[in-house]
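Descriptive analysis of the structure
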Amino acid sequence: MKGWMGKFRVLFILGSTALVLSGCGLENLTALDPKGYGAQVSLDLIILSIVIMVFVFLVVMVIYTFVFFRFRQKKGQEDVIPKQVEGNKVLEVIWTVIPIILLLILAVPTVTATFDLAEGQPEGSDLLNVNVTGNQYWWNFSYDDLDVQTSQDLYIPTGERVYIDMKSSDVIHSFWLPSISGKMDVNPENENTMFIEAQEEGVYWGKCAELCGPSHSLMDFRVVAVSPDEFDQWVTDMKNVDPEAEPETASAQEGKQLFSDKGCISCHALGSSPTAIGPNLTSFGSRTKFAGILDPTKENLVDWIMDPESIKPGNKMTGNYKEVTEEEASKIADYLLQLEPSEITPEDAESE
Ligand code: CUA
């Protein structure tokens, strides 16, 4: 290929790819707009290292440009051999000491932040603790102290540290929550801990950041940060869920029956019982997404129940329940979408 496209083809392709990919960010899935303590610390470090990098780049470029013009061969001097210089103690010292200083400026805050962010839950603290389990391809969140289980949506109160203990039930995953904190490996053999602290209310995207199988890229979760009062209310509501409650509509009632007849219930728990194979569905109807990536619409849910494999390859739901017709899937969907922890007002709680 001739012309400028030929010469600069690689540069052009890389440049335009970078430009296109820069549009892929999500508002609540970015380390550049921190909404939590860990994310703020990380951004400060990113800025510090970029400032140092730009400084080094500029200094090198200025010297380079100066040398380039000052010492280049001039017309009529083709045969002149310049003065040969070997070694210069002062220069050697300068370009050894400056990088050492720059590395120290970078290393001290980085190491300090690393230890700060790895802080475990202090002995005897009554701060919230959540056990996170990574599974192919979904997340389980267990609030052991509160006797509450959720999956996919992790509720936390704003303005306080929430300590999380992470373990995997199968392969290595990675818990990545860029807007609020950093990233931590979720291993099958040992427990890793970190804390998250959201400064603003909101729904934040999280992703699995370790290649863990064909549906790795679909292993998303959400962190729902609410005010401490709302969080307490949510806990109360979750504890008051009656997994046996009879749904209101006939379709949902039939769906409830199908849910056990078709074997869904053997993998999915309801209420506070821990779940082993599939996500806990107690608050399914209030989820921001399901299956990690799908909007909680009835249409999506029917598609998912009918053929989960085509949506999320390699997931464990495939083949683990009896075949359902579209009509049956629709009833099961009606049942699942009405599973919501109902608001219990303080008066309700008192009259119970
Ligand atoms: Cu789990 Cu990638």
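Everything numeric here is computed off the predicted structure, so don't read it as measured data.

1. Comments concerning empty space enclosed by the protein
This structure, assessed with the given rule, holds 1 cavity of 30 Å³ or more. Here the largest cavity is characterised by a volume of approximately 450 Å³. What lines the largest cavity is a set of 29 residues, among which His-268, Gly-278, Pro-279, Trp-304 and Met-317 lie closest to the centre. Within the residue set of the lining of the largest cavity, elements represented by two or more residues are helix H7 (298-306) and helix H9 (326-337). The element contributing the most residues to the lining of the largest cavity is H7, with 3 residues. Here the lining of the largest cavity is built from residues that sort into 19 nonpolar, 7 polar and 3 charged.

2. Structural notes on the packing of helix H3 (residues 37-70) against helix H4 (residues 89-117)
Packing of H3 against H4 brings their axes to within 11 Å, and their N-to-C directions diverge by 170°. The pairing of H3 with H4 is recorded here as roughly antiparallel in orientation. Residues Tyr-37, Gly-38, Val-41, Leu-45, Leu-48, Ser-49, Ile-52, Phe-55 and Val-56 of H3 touch H4, and the partners they reach there are Leu-102, Ile-105, Leu-106, Pro-109, Thr-110, Ala-113, Asp-116 and Leu-117. Across the contact of H3 with H4, the residue classes tally to 13 nonpolar, 3 polar and 1 charged.

3. Concerning the UniProt feature "transmembrane region" (unreviewed entry) in the protein chain
UniProt marks residues 45-69 and 90-108 with the feature "transmembrane region" (unreviewed entry), using the numbering shown here. Here residues 45-69 is 100% helix and 0% strand, with 36 Å between the C-alpha atoms at its ends.

4. Regarding the packing of helix H6 (residues 250-261) against H9
One can describe the packing of H6 onto H9 by two numbers: an axis separation of 7 Å at closest approach and a directional angle of 100°. Considered as vectors, H6 and H9 are oriented roughly perpendicular to each other. Mapping the contact onto sequence places Ser-251, Ala-252, Glu-254, Gly-255, Lys-256, Leu-258 and Phe-259 in H6 and Glu-328, Lys-331, Ile-332, Asp-334, Tyr-335 and Leu-336 in H9. Grouping the amino acids of the contact of H6 with H9 by side-chain chemistry returns 6 nonpolar, 2 polar and 5 charged.

5. With respect to the pairing of strand S2 (residues 138-143)
Counting buried positions over the 6 residues of S2 gives 6, a clear majority of the element. Because side chains alternate across S2, one face comprises the buried residues Trp-138, Asn-140 and Ser-142, and the other comprises Trp-139, Phe-141 and Tyr-143, equally buried. For strand S1 (residues 129-135) and S2, the ladder comprises 5 bridges, and the chain directions are antiparallel. Note on S2: the bridge partner recorded for Asn-131 is Ser-142. Two successive antiparallel strands, S1 and S2, enclose a turn made up of 2 residues. Alignment of S2 against strand S3 (residues 148-151), held across 4 bridges, turns out to be antiparallel. Looking across to S3, one finds that Ser-142 is bridged to Gln-149.

6. Describing the sheet that holds strand S5 (residues 162-168)
Strand order across the open sheet formed by 5 strands is S3-S2-S1-S5-S8, with mixed pairing between neighbours. Looking at strand neighbours, the two that pair on one side only are S3 and strand S8 (192-196), the edges of this open sheet. Sheet twist, expressed as the mean angle between neighbouring strand axes with direction ignored, is 25°.

7. Looking at the pattern of salt bridges
Under the definition given, this model contains 11 salt bridges. For the salt bridge of Asp-170 with Lys-316, the shortest nitrogen-to-oxygen distance reads 3.4 Å. Here the residue Asp-170 occupies a position in the loop between S5 and strand S6 (173-176), and Lys-316 occupies one in the loop between helix H8 (308-311) and H9, the gap between them amounting to 146 residues. For Asp-170, a relative accessible area of 18% corresponds to the buried category. Judged by relative accessible area, which is 39%, Lys-316 ranks as partly exposed. Two residues, Glu-254 and Lys-331, come together in a salt bridge whose shortest N-O distance is 2.6 Å. In this pair, Glu-254 sits in helix H6 while Lys-331 sits in helix H9, placing the two residues 77 residues apart along the sequence.

8. With respect to the pairing of S6
One face of the sheet, then the other: side chains in a regular strand alternate in exactly this way. Relative to strand S7 (residues 183-186), S6 is paired through 4 bridges, and the arrangement is antiparallel. In the sheet register, Trp-176 faces S7, and the bridge partner there is Lys-183. In this antiparallel pair of consecutive strands, S6 and S7, the connection spans 6 residues.

9. What about the nonpolar core?
Counting 34 residues, the largest nonpolar core has Val-130, Trp-139, Phe-141, Tyr-143, Leu-154, Phe-175 and Ile-196 as the members making the most contacts within it. Mapped by element, the contributors of at least two residues to this core are S1, S2, strand S4 (153-157), S5, S8, strand S9 (202-208), strand S10 (220-226) and helix H5 (228-239). Every residue in contact with Leu-154, bar those within four places of it in the chain, is listed here: Val-130, Phe-141, Tyr-143, Phe-175, Ile-196, Arg-222, Val-223 and Val-224. Counting 22 residues, the second largest nonpolar core, distinct from the first, contains Phe-290, Ala-291, Val-324 and Leu-336.

Criteria and thresholds
- Residues numbered from 1 in each chain as written.
- Predicted model: local features only at pLDDT ≥ 70, side-chain atom pairs only at ≥ 80, totals over all residues.
- Heavy atoms only, no water.
- 1 Å grid on protein atoms, 1.4 Å probe; cavity = no way out; pocket = protein on both sides within 12 Å on 5 of 7 lines; lining within 4 Å.
- Points joined across faces, edges and corners; volume = space filled by probe spheres on them.
- Helix = DSSP H or I, 4+ residues; strand = E, 2+ residues; numbered from the N terminus.
- Nonpolar A, V, L, I, M, F, W, Y, C, P; charged D, E, K, R; others polar.
- Axes fitted to C-alpha atoms, helices over the stretch in contact; angles between N-to-C directions.
- Parallel < 35°, antiparallel > 145°, perpendicular 65-115°, else oblique.
- Contact = heavy atoms within 4.5 Å.
- UniProt positions renumbered as here; feature names shortened; annotations may be inferred.
- Buried < 20%, exposed > 50% of the residue type's maximum accessible area, 1.4 Å probe, protein only.
- Pairing = 2+ DSSP bridges.
- Salt bridge = Lys/Arg side-chain N within 4 Å of Asp/Glu carboxyl O.
- Core = buried A, V, L, I, M, F, W, Y, C linked by side-chain atoms within 4.5 Å.

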